[in-house]
Structure formats: C-alpha cells, structure tokens
Amino acid sequence: MATQKLYAGAKLRETRQRLSLTQKDFAARLGVSLPYLNQMENNNRPISTTVVLALAQEFGFDVTELSSGDAERMVSDMREALADPIFADDPPPLTDLRLTASNAPALARAFLELHRAYRQTHERLASLDEALGREDARTQTSPWDEVRDFFHYCDNYIDAVDRAAEHFVQSVTKRPRDIAHDRLEKMGITVLTSDDGPLRRYDAQTKTLYLSSRAEPETRDFQLLLQVALLTQNQLIEATLDLARFHSDAARDIAKIGLANYFAGAAMMPYTTFLTAAQEHRHDLEVLANLFGASIEQVCHRLSTLQRPGAKGVPFFFVRVDQAGTITKRHSATRLQFARFGGACPLWNVHRAFETPAQFLRQLAETPDGVRYISLARDVSKSGGSFGAPVRRFAIALGCEVKHADALIYADGLDLNNAQAFEPIGISCRICERTHCHQRSVPPLERRLQVVPDERGVLPYRVG
C-alpha cells in the first residue's frame, strides 16, 4: 500500500503564527528553504519527514495533530450542507471540498455559517404564523448550534479547563465529591438534599446548594462539581469564553454551562488517572464507572475527550440519540462524522439499544468511504425518581476504528477479519452513496434517479 502524502498547510501556517515567527525564521528553524516552506503552507507540496521531525524536536509539537484537526470535519459538514436541495444542481466534487478545507478553512467556516443562517431563515418562514410579531426573530446562527460547533472543532478537549479540574482533585486520599464539599464549606456554603425541585439549585443569598435526593448518586456528584466550577473557576471559564468570541450572549451563557459541565466530568475522572485506568482495563465501561463513581454515559463522554496533546487516548466517537433518532449529543475524534441535521443512520446499532435495556450491543460497521469501526450501544434512559414521573429515554453509542480494537475488551470474540461481519452504515441519506440500501428514506442528491413505472423494488426508483 502506497504511503499517503501529508498535506497540512493550514496547520503548519497556524503553528508558525502562534509562535509569532516570520516565514524566514520558521524556515530556518525547520531546516528548509523559504520557498519550500511557502509551498508547504499553500499545500503545493506535502510536509516532509524532515519538517515533521523538526517540529517535534524544535517546538515539542505533537505531530499527530498534523493529520487531524478541522479538515475532515469541515469536509463532512460541507458535504451535508451541499446536499441541501438548493444545491442539487452540479455539486462540487469531493476533491474541491478537501482543497477548500485545507487551503481556505476560514472560507469553509464562512460558507457553513451562511448555510446555517439560510436553514434557520427557511425554517422560520415555514412557521411564519408563529414567528410573526416576535421581537427575537433573527437569522443568526442558533446559539445551541454555535456552542455545539465550538466543542466539535476543539476536538471536545479544552486543555485549560481539563488541567484545572485535574489540579482541583489532585488529592490521593479524598474523593472528588469530598474535595468539593470541603471547598464549599470553606466558602461558607451549605449543601442540602431536597425531595422536590430541580436537580441543582444554588441560593446565593443564603449560600445554600440544594441537590435532588431523587437523582442517582453519580448525578448528584456531577451537579455538585458543576456548581463548584461556577463558583471557583469563573475567571478561567470567562477567559475561555472570551477566546471563543461567540456571536450572542445566549451562546456565551450556554457555553459557560458547557464548560462547567466539562470541569465536572474532568474532576470526577481526572485525565491522567482516568486514561491509565482506561488503558489498564481495556476501556471496560462498567469497571471504569465503578472505579470513578460515574454513570456509563459520563464515562463514555469522558473517553471521547481524551485528546490531550502528547497523551492522547483512543480516538472515540460518542453520540446520544432520543427515541425519534434525533442526535442530542455528538462528538467524533475519528473520521466518522454525524449528521448535523435530522437523525442518524437507521442501520446503526444505537437505534436498537432501546429494545434491549441495560444491555451492551456490539456492532462492526463500515462507512461508505471504506473505513471500518467497532460500535458499542446501550440504552441510558433516566428515571424521573418517582412513580408516574416521566422517563427520559436515550441511547448512546461509543466506538472507534477497528485498528484500535485490541485496546477494547468489547472487541474480544468478534471476527474482525471477516469483511461480511461489517454492516454498512452511513451518515445521512442525502449524502450516502450506497445505491441498494433497504432503509433509505430519501434519494441521494449527487446521483441521478431512474423511475420505471412498471417495476417496483425495495425503493420506488433506481439510483444511477
């Protein structure tokens, strides 16, 4: 198999600018000529082995970042945006999208933001009766989507917050919740449980934190640490929000809670300790949940964040869906990307998890690009805490590329060398290239259709 050439001009240019170096000085430290560096930064030449080694030796750069980053995510996002019916005529080829993502990432992001604004406007017009007269009718990006994209393009890893959480619980003799209780006690804050009310409520006037007694212990611990983050890490969180430059106060407020959530998860499962345990126990979710006093969903989410430069874990994808198939949480440190609009592929095992409560489902899957994955799915429905209370029903999936299967206990006994064992899955029907999928809901927009009135197969058309 031929070695794939590495084109990462945007990442190389970003590294140089972060170091405040001119092209001339950067080229000198890398041991290459100025014209050669210029060609690499503009993706006219691949990054050479000499430059890769120099980046590691001169600057301590994690060279694995050269082959990751935003490019594949943006290509996937642009393909889905271009699958919109408005672009149905003559969509650009995949090679053009890859060139745009690698050579002009700012242009790619601007296009995605413009398409999001278009979709939101279109949806508002579709429900015009509801929108008429509302003062808050806007065409800007949804705050929720903006925050979701922020974490998505940060690889779901926020270094400063992650390290702060690890430092907060560095004691080897106390559990994170005990450390949190001690910190709040020093601040004069009382922690009480309540039979009614929300999961968490902090009364600043009486300096009292109320936690729901009906919640699971791991949920109470998480909410406790989340409130600690809001009270003790505000300066760090605000600085991180300043760097993100959100477009609205609503997006900033949502992101602040997201960063506090991140701190809570990182405090419950400190990076170095958690990564070591995950590797030692081959990512056994139940063992990790017991070791760290966390839920299965919390463990899965934390595994998807282990992307610290120089100490990366297995690159996982993580997703949560509701019973309608709508994705409510999504992250991928792998090449697998999720649909930004609509539901997930119905052939994915995450949808079958609702049928087998409290059981793990394993699936070997292959995407249209030929990449093979192992996926683990499980129902994580949440009880309301009392008889008659509504149950929130969700299912989660965690997975990685098959090349990491040896690191997963869930891969034991699976026939990884049998091509027939891998089920075909996709991202979205509109951009999926499979022509004979029995679960296809809408035609692929990049293919011509043939309709034969006198013939009816699984689909009412043929995909050319």
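Reading guide: rules and limits
Residues numbered from 1 in each chain as written. Predicted model: local features only at pLDDT ≥ 70, side-chain atom pairs only at ≥ 80, totals over all residues. Heavy atoms only, no water. Buried < 20%, exposed > 50% of the residue type's maximum accessible area, 1.4 Å probe, protein only. Helix = DSSP H or I, 4+ residues; strand = E, 2+ residues; numbered from the N terminus. Arc of directions from axis to C-beta. Contact = heavy atoms within 4.5 Å. Pairing = 2+ DSSP bridges. 1 Å grid on protein atoms, 1.4 Å probe; cavity = no way out; pocket = protein on both sides within 12 Å on 5 of 7 lines; lining within 4 Å. Points joined across faces, edges and corners; volume = space filled by probe spheres on them. Nonpolar A, V, L, I, M, F, W, Y, C, P; charged D, E, K, R; others polar. Core = buried A, V, L, I, M, F, W, Y, C linked by side-chain atoms within 4.5 Å. Axes fitted to C-alpha atoms, helices over the stretch in contact; angles between N-to-C directions. Salt bridge = Lys/Arg side-chain N within 4 Å of Asp/Glu carboxyl O.

Observations concerning helix H4 (residues 49-59)
At step 1: Listed in full, the buried residues belonging to H4 are Val51, Val52, Ala54 and Leu55. The arc that holds the buried residues of H4, viewed along the axis, is 165°, so those residues lie on one side. Turned more than 90 degrees away from the buried face of H4, the exposed residues are Thr49 and Gln57.
At step 2: Buried positions along H4 lie against helix H1 (9-18), helix H2 (23-30) and helix H3 (34-41).
At step 3: Just beyond H4, the residue with positive phi is glycine 60, at close to 60°.

Quick notes on helix H6 (residues 94-103)
At step 1: Among all positions of H6, only Leu97, Ala101 and Ser102 are buried. Taken end-on, H6 shows its buried residues confined to a sector of 125°, consistent with a single buried face.

Focus: the sheet that holds strand E4 (residues 317-322)
At step 1: Overall, mixed pairing links the 6 strands, which are arranged E5-E4-E8-E7-E6-E9 in an open sheet. Bordering the open sheet on either side are strand E5 (327-332) and strand E9 (423-424), each of which pairs with just one other strand.
At step 2: Pairing of strand E7 (residues 372-379) with strand E8 (residues 394-401), which is carried by 7 bridges, proceeds in the antiparallel orientation. Across the sheet, leucine 376 pairs through a bridge with leucine 398, a residue of E8.

Side note on empty space enclosed by the protein
At step 1: With the rule as written, the count across this model stands at 3 cavities of 30 Å³ or more.
At step 2: Here the largest cavity is characterised by a volume of approximately 60 Å³.
At step 3: In terms of lining, the largest cavity is formed by 11 residues, of which the most central are Gln337, Phe338, Trp348, Gly426 and Ile427.
At step 4: Taken together, the residues of the lining of the largest cavity break down into 9 nonpolar, 2 polar and no charged.

As for the nonpolar core
At step 1: Membership of the largest hydrophobic core comes to 68 residues, with the highest contact counts inside it found for Leu259, Phe263, Phe274, Leu285, Val299 and Leu303.
At step 2: No other element matches the 10 residues that helix H14 (residues 249-268) contributes to this core.
At step 3: For phenylalanine 274, the residues in contact, after removing those within four places along its chain, are Met269, Leu288, Phe292, Val299, Arg302, Leu303 and Leu306.

Comments concerning the sheet that holds strand E3 (residues 208-212)
Each strand in a sheet pairs with its neighbour through backbone hydrogen bonds, running either in the same direction (parallel) or in the opposite one (antiparallel).
At step 1: With mixed pairing, the 3 strands of this open sheet are ordered in space as E1-E3-E2. Each having just a single partner strand, strand E1 (190-194) and strand E2 (200-203) make up the two edges of the open sheet. Taken pair by pair, the neighbouring strands of this sheet meet at an average axis angle of 20°, ignoring direction.
At step 2: In terms of strand pairing, E1 meets E3 through 5 bridges, oriented parallel. Opposite threonine 190, over in E3, you have threonine 208 as the bridge partner.

Things to note about the pattern of salt bridges
At step 1: Counted by the stated rule, this structure contains 19 salt bridges.
At step 2: Here arginine 330 ties to aspartate 149 by a salt bridge, and the two come within 3.6 Å at their closest N and O atoms. Highlighted residues: arginine 330 in strand E5 and aspartate 149 in helix H9 (residues 143-153), separated in sequence by 181 residues.
At step 3: Judged by its relative accessible area of 10%, arginine 330 falls in the buried class.
At step 4: Close ionic contact of arginine 308 with aspartate 162 constitutes a salt bridge, the shortest N to O distance being 3.3 Å. Of this pair, arginine 308 sits in the loop between helix H17 (296-303) and E4 while aspartate 162 is found in helix H10 (residues 159-168), placing the two residues 146 residues apart along the sequence.
At step 5: A relative accessible area of 5% means that arginine 308 is categorised as buried.
At step 6: The class for aspartate 162 is buried, based on a relative accessible area of 0%.
At step 7: A network of salt bridges, in which partner residues are shared, links Asp162, Glu166, Arg302 and Arg308.

Describing the pairing of E5
At step 1: Looking at chain direction, E4 and E5 are connected through 5 bridges and run antiparallel. Across the sheet, the residue bridging to valine 321 is isoleucine 327, located in E5.
At step 2: What sits between the antiparallel neighbours E4 and E5 is a turn of 4 residues, in which glycine 325 has the positive phi angle 85°.

Considering unusual backbone geometry
At step 1: Notably, arginine 245 is not glycine yet its phi reads approximately 55°, a positive angle.
At step 2: As for its placement among the helices and strands, arginine 245 is situated in the loop between helix H13 (234-244) and H14.
At step 3: At alanine 358, a residue that is not glycine, the phi angle is positive and equals roughly 65°.
At step 4: Residue position: alanine 358 is located in the loop between E5 and strand E6 (361-366).

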